[in-house]
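# Descriptive analysis of the structure
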Amino acid sequence: MMEIRFHINTAASNIARNKGINLLTIFSITVGLFLIAVTAITLSTLKSAVREWTRGFGVVVYLKDNADQATVKSLKSRIEREAGVKEARFVPRSAAMASLKTVLGEDILEGLDENPLPDSIEITLTEDRLNAEFVRETARRVKTYPGVEDVQFGEQWVGALFGVARHFTLAGTAVGFALTIGILFILSNTIKILFYRRTNEIDILKLLGATRWFIRIPFMAEGIFFGLSSGLLASMLLQASLAWMSSGNAIPFVMPVTPFAISILLVLFGGILGLAGSTIAVGRIRL
Amino acid sequence: MIDLRNVTKLYDGQQALNGITLHIEKGEMVFLTGPSGSGKTTLLRLIYRDEIVDSGDITVAGWDLRTLSPGSIPYLRRNVGVVFQDFKLLHERTVRENVELSLRIQGIPHHESRQRVLATLKLVGLAHKADAIPAKLSGGEQQRVVIARAVIGNPAVLLADEPTGNLDADTAREIMDVFKAVHAKGATVCIATHDANLYRHSGCRVFALKEGAIVP
Ligand SMILES: Nc1ncnc2c1ncn2[C@@H]1O[C@H](COP(=O)(O)OP(=O)(O)O)[C@@H](O)[C@H]1O
Ligand SMILES: [Mg+2]
């Protein structure tokens, strides 16, 4: 078995010997990881804002004037059986009028001697089904049920908001992906440079009977070290920025996971990228 | 232990070795001699598979070096200790670490190798310089570090390329005593040298090279 401590010592002395390039690498990866975290937080904030806004957009089913109680009752239970429907609430025309009066004020509606509003059923959808396509589909189906005059929902709004959110998600994912590729590139390049700086030593190790893995492992340890330390720095940077921003009453960020979990994930992700980047590097080097 | 049959090695179309046939028995000690440029180093490099023959057959410790897979080369080399003419020491590591490297490469842990390193450094008379770095040592002392590194793993085969080139006569004799001790423990030893004093009264076989061929 290979001795871990020996490899770690080798890696450590190499790290100490190449301070300039190492600091530059760690700095670049730190910035990359920090930006990935910022992108993730921005996306999750945006998504939750969209979800919050669209929560208000219920679907309202207006009933025909001549619909009798039995029809309304069966319609209500039929709607309740629809997928994605959390609640269906019957709103009699008198209640609709009353709420309109509280919104607009008694005076404006004083002239009306007859209530022009129809009876209606207000539908609340479960959150996970709140996307434009589904809402539109449900509305269209409900409109064909007996006793239904019309179905209304904030179609434009819901559609636009979700469209925007989808575009941002795509853009954010692309940014995250590009940053990840960039980090891998920097990592594997640095490892390659460190490797070529030591070709003389490596040639000697080979002549003494070192296997490929014996030579590779310290470089992979260095890659993991770069990743982990950059992850640690990035998470410190992130926590500091979050603390600084929440000290003023700026944007209420919605974290995809808890701040602590984000730190752990950053360090972990950094370590994985470090391993991946150095594996790419040592795999490409001819030994 | 070492078998060469009709071995040829070319460098840029020039014959460095030309139809070499020789057999070295297990546990034998032999000398390789000849003027500079006659092919001694090239012959040794073929044996530890640093170079590949252009034609002919070569077998070392049971390994057919023509068909040896790259993955097996490290394991061949662990059985062949080499005293390189140009030393090949790691300059950022201490004497102790340089010698220990042979064992580390074979996966022998530090706590097991410590004593062996000290004993081997004592054998070559360098125990007092264990923590120096090679650059601070004289040529002769560096030579002895290389010898210690080559013999510490108890290799079946020990190759030495001009091992006394940097030494005065007295030290050369001490170094030869080290080789004899390793040989006495059963290793097959092959020493390339143009110092006739080393083999004159040794009773060992001597292969004389000239322009890449063995002269009878
Ligand atoms: N790597 C090489 N590239 C080209 N020519 C070489 C190389 N190594 C050795 N030679 C040539 O092969 C011949 C034998 O060299 P070498 O084996 O070093 O001789 P010796 O060790 O007996 O002095 C010389 O002519 C030398 O120039
Ligand atoms: Mg030579």
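Predicted model only: the values in this text are computed from it and were never measured.

Take the site of ligand 1 next. All names here are of chain B. Taken together, Tyr11, Asp12, Ala16, Pro35, Ser36, Gly37, Ser38, Gly39, Lys40, Thr41 and Thr42 make up the full set of residues adjacent to ligand 1. Here Ser38 contributes a backbone N or O atom positioned 3.3 Å from an oxygen atom of ligand 1. Between ligand 1 and Thr42, the relevant distance is 2.5 Å, taken from an oxygen atom to a side-chain nitrogen or oxygen of the residue. Contact with the protein chains covers 60% of the free accessible surface of ligand 1, which is 560 Å². When residues of the shell around ligand 1 are assigned to their parent elements, the largest contribution, three residues, is made by helix α1 (residues 40-47). Broken down by class, the residue content of the shell around ligand 1 amounts to three nonpolar, six polar and two charged.

It is worth spelling out the state of the cysteines at this point. All names here are of chain B. All chains considered together, the criterion is met by zero disulfides over all chains. With no disulfide of its own, Cys190 lies 11 Å from the sulfur of Cys204, the closest cysteine sulfur. Classification of Cys190 by relative accessible area gives buried; the value is 3%. Using a relative accessible area of 21% as the deciding quantity, one classes Cys204 as partly exposed.

What follows concerns helix α3 (residues 95-105) of chain B. With ten of eleven residues buried, α3(B) lies mostly within the body of the structure. Among all positions in α3(B), only B:Val95, B:Arg96, B:Asn98, B:Val99, B:Glu100, B:Leu101, B:Ser102, B:Leu103, B:Arg104 and B:Ile105 are buried. Against the buried residues of α3(B) lie α1 (4-17), α7 (199-207) and α8 (212-247) of chain A together with α2 (73-78), α4 (110-123) and α5 (139-151) of chain B. Just downstream of α3(B) lies B:Gly107, where phi reads positive at about 85 degrees.

We now examine the domain arrangement of chain A. Domains assigned within chain A are domain 1 (2-51 + 162-283) and domain 2 (58-152). Placing the centre of domain 1 of chain A and that of domain 2 of chain A at their C-alpha centroids yields a distance of 53 Å.

Before going further, it helps to examine the coordination of the magnesium ion (ligand 2). Coordination angles at a metal have ideal targets, namely 109.5 degrees for four tetrahedral donors and 90 or 180 degrees for six octahedral donors. Only B:Thr41 (OG1) and B:Gln85 (OE1) from the protein reach the magnesium ion (ligand 2) as donors, at distances of 1.9 to 2.7 Å. Taken together, the positions of B:Thr41 in helix α1 and B:Gln85 in the loop between β6 (80-83) and α3 put the pair 44 residues apart, joining distant regions of the chain.

Across the boundary between the two partners, chain B contributes 22 residues, which contact 17 residues of chain A. Interface of chain B and chain A: buried area, both sides summed, is about 1,800 Å²; carbon and sulfur atoms make up 63% of it. The interface formed by chain B and chain A holds one salt bridge in total. For the salt bridge of A:Glu201 with B:Arg93, the shortest nitrogen-to-oxygen distance reads 3.5 Å. At the boundary of chain B with chain A, the tally comes to three residue pairs in polar contact (both at pLDDT 80 or more). Mapped onto the side of chain B that touches chain A, the elements with two or more residues apiece are α2 and α3 of chain B. Here the side of chain B that touches chain A is built from residues that sort into ten nonpolar, four polar and eight charged.

The next thing to look at is the layout of surface pockets. Approximately 450 Å³ is the volume attributed to the largest pocket. If you go around the largest pocket, you meet 18 residues; those closest to its centre are A:Lys206, A:Leu287, B:Pro70, B:Ile73 and B:Arg77. Those elements that place two or more of their residues in the lining of the largest pocket are α7 and α8 of chain A together with α2 of chain B. The biggest single contributor to the lining of the largest pocket is α2(B), with four residues. Of the residues belonging to the lining of the largest pocket, the class tally is eight nonpolar, two polar and eight charged.

Attention shifts here to the environment of A:Ala276. One can find A:Ala276 in helix α9 (residues 259-284). Sequence separation of A:Ala276 and A:Arg216 is 60 residues, and the distance between their C-alpha atoms is 13 Å.

All names here are of chain A. With antiparallel pairing, the four strands of this open sheet are ordered in space as β2-β3-β1-β4. Of all strands in the sheet, those bounded by a partner on one side alone are β2 (85-91) and β4 (148-153). Adjacent strand axes in the sheet meet at a mean angle of 20 degrees when their direction is disregarded. Across six bridges, the pairing between β2 and strand β3 (residues 120-125) is antiparallel. Among the inter-strand pairings, Ala88 is bridged to a residue of β3, identified as Ile123. In the packing of helix α3 (residues 69-80) onto the sheet, contacts are made with β1 (59-63), β2, β3 and β4, and the angle to β2 comes to roughly 160 degrees.

Conventions used here
- Residues numbered from 1 in each chain as written.
- Chains lettered and ligands numbered in written order.
- Predicted model: local features only at pLDDT ≥ 70, side-chain atom pairs only at ≥ 80, totals over all residues.
- Heavy atoms only, no water.
- Near = heavy atom within 4 Å.
- Polar contact = N/O pair within 3.5 Å; in protein donor to acceptor, adjacent residues only side chain to side chain.
- Areas by Shrake-Rupley, 256 points an atom, 1.4 Å probe, with all protein chains shown as cover.
- Helix = DSSP H or I, 4+ residues; strand = E, 2+ residues; numbered from the N terminus.
- Nonpolar A, V, L, I, M, F, W, Y, C, P; charged D, E, K, R; others polar.
- Disulfide = S-S within 2.5 Å.
- Buried < 20%, exposed > 50% of the residue type's maximum accessible area, 1.4 Å probe, protein only.
- Contact = heavy atoms within 4.5 Å.
- Domains from an automatic or database assignment.
- Donors = N, O, S within 2.8 Å, 3.2 Å for Na, K, Ca; no water.
- Buried area = accessible area lost by both parts, 1.4 Å probe.
- Salt bridge = Lys/Arg side-chain N within 4 Å of Asp/Glu carboxyl O.
- 1 Å grid on protein atoms, 1.4 Å probe; cavity = no way out; pocket = protein on both sides within 12 Å on 5 of 7 lines; lining within 4 Å.
- Points joined across faces, edges and corners; volume = space filled by probe spheres on them.
- Pairing = 2+ DSSP bridges.
- Axes fitted to C-alpha atoms, helices over the stretch in contact; angles between N-to-C directions.

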